[in-house]
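Spelled out, the chains give:
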Amino acid sequence: ATARAIIQNIQFANTTGTHTVSAYVYSYTNSTTIQIGINDIAAKTSFNLASGPIILQEKDALLLSSDSTTDVTAIVSILEVNRSAVSK
């Protein structure tokens, strides 16, 4: 409830075929899901879907999607900032 996240990279990698990948942010405040990126990835390539930093507030979520359940993998680079650990 007191942590925020800064997402720097959303790296997708594809081993075979061409697949569509996408990323969404679920906003807890608005109860809405917003698409932040979509791309087709060719075989044996990778792609960073984050074109800049993405800030997630408390209880927000990052959702990743692919039309393949076996050929596509993703790695996310996240910095979490816990505001309750910061001294005043």
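Since we're looking at a predicted model, the values are computed, not measured.

Novice: Go over the side chain of Glu58, please, and point to the residues and values.
Specialist: Tracing the backbone through its elements, the reader meets Glu58 in the loop between β5 (54–56) and β6 (61–66). Separated by 3.0 Å, the side chains of Glu58 and Arg4 make a polar contact.

Novice: Any chance you could break down unusual backbone geometry for me, citing the residues and the numbers?
Specialist: Excluding glycine, residues mostly carry a negative phi; peptide bonds, for their part, are mostly trans. Not every positive phi belongs to a glycine, and Lys44 is a case in point at roughly 60°. Although it is not a glycine, Lys59 sits at a positive phi angle of roughly 70°. Along the polypeptide, Lys59 turns up in the loop between β5 and β6. Looking at Lys59, the relative accessible area reads 53%, which means it is exposed.

Rules used throughout
Residues numbered from 1 in each chain as written. Predicted model: local features only at pLDDT ≥ 70, side-chain atom pairs only at ≥ 80, totals over all residues. Heavy atoms only, no water. Helix = DSSP H or I, 4+ residues; strand = E, 2+ residues; numbered from the N terminus. Polar contact = N/O pair within 3.5 Å; in protein donor to acceptor, adjacent residues only side chain to side chain. Buried < 20%, exposed > 50% of the residue type's maximum accessible area, 1.4 Å probe, protein only.

Function cannot be read off these values alone, since they describe shape.
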